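# Structure at a glance
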Amino acid sequence: MQSKLTSSHALTRPTPTSAQLAQETAWRRHYRRYILFPISLLGLIMITMVIILLALAVPVSTSTATQREFISALADLILILAIFPAIITGALMPALFAGFMVYYRREAADGRGPARWLSHRAWQYRLWRLDHWLTNLANRYRPYLDRPVQATIRFNQRWQGLLALITNFITWRPPNGN
């Protein structure tokens, strides 16, 4: 008798159809062309700009005002390009929330979906339940957390005193200024 693990159908791997293979090839082409290439190009441009900035910024003492202005502009451009993804991400969340609200309110107005969870009372009820749960959680674990918190506070106070003693020792000066 043959076991289930050694049967002929247990370890067979499904083979993709020609349409699935063509779709995967198209997806990989799209990924390389529209996602990987632009990100790599932007990274290469950023690295090149940082190298140029470092090469120009080293001999700053002998540079002219125009060179210093160019270095400052290049540093500003690098900073702007580095911060740009964070700005886009930060703006994306409110935009998604606004779209979410418009979609579901329109759906509720058309009578296609329940809008009860969007009402103020439903949100207030959920927040009350969350507050009740967090209060119970805090009350349950407060006796266990009090000892480590107090120990951490005492430890930090000791280190603060030791660092103050070391700082006073290093920066001590004789009273007559010698």
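Read on for an overview of the structure. Not measured: the values here are computed from a predicted model. All residue numbers here refer to positions counted from 1 along the written sequence of the relevant chain. The predicted nature of this model means local features are confined to residues of pLDDT at least 70 and side-chain atom pairs, given and counted, to a pLDDT of 80 or more, with totals for whole chains, interfaces and linings taken over all residues. Heavy atoms throughout the structure, all of them, feed into the side-chain values; hydrogens and water do not.

### A closer look at the packing of aromatic side chains
Only Phe, Tyr and Trp rings take part, Trp by its six-membered ring, and two of them pair if their centres are within 6.5 Å. Stacked means planes under 30 degrees apart, edge-to-face means over 60, and tilted covers everything else. One pass over the full model with this rule turns up three aromatic pairs. Taken together, a centroid distance of 6.3 Å and an interplanar angle of 50° make the contact between Tyr141 and Tyr144 tilted. With Tyr141 and Tyr144 both in helix 3 (residues 120–170) and three residues apart, this pair spans about one turn of that helix. Judged by its relative accessible area of 61%, Tyr144 is exposed. Ring centres of Phe155 and Trp159 lie 6.1 Å apart, and the angle between their planes is 70°; this geometry places the pair in the edge-to-face category. Of this pair, Phe155 and Trp159 both sit in helix 3, four residues apart, which is roughly one turn of that helix. In this description a helix means any DSSP run of H or I spanning at least four residues, a strand means any run of E spanning at least two, and both kinds are numbered starting from the N terminus. Relative accessibility decides the category of a residue: with a 1.4 Å probe and only protein chains considered, values under 20% of the type maximum give buried, values over 50% give exposed, and everything between is partly exposed.

### Details of a nonpolar patch on the surface
A patch consists of residues whose relative accessible area exceeds 30% and which take part in no salt bridge; residues with like charges are grouped when within 9 Å of each other, and nonpolar side chains (Val, Leu, Ile, Met, Phe, Trp, Tyr) when within 5 Å. Accessibility throughout is a Shrake-Rupley quantity obtained with a 1.4 Å probe, and a residue counts as covered only by protein chains that appear here. By definition, a salt bridge exists where a carboxyl oxygen of Asp or Glu is found within 4 Å of a side-chain nitrogen of Lys or Arg. On the surface, Phe155, Trp159, Leu162, Leu163, Leu165, Ile166, Phe169 and Ile170 cluster together into a nonpolar patch covering about 880 Å² of accessible area. Taking relative accessible area as the criterion, Phe155 reaches 46% and is therefore assigned partly exposed.

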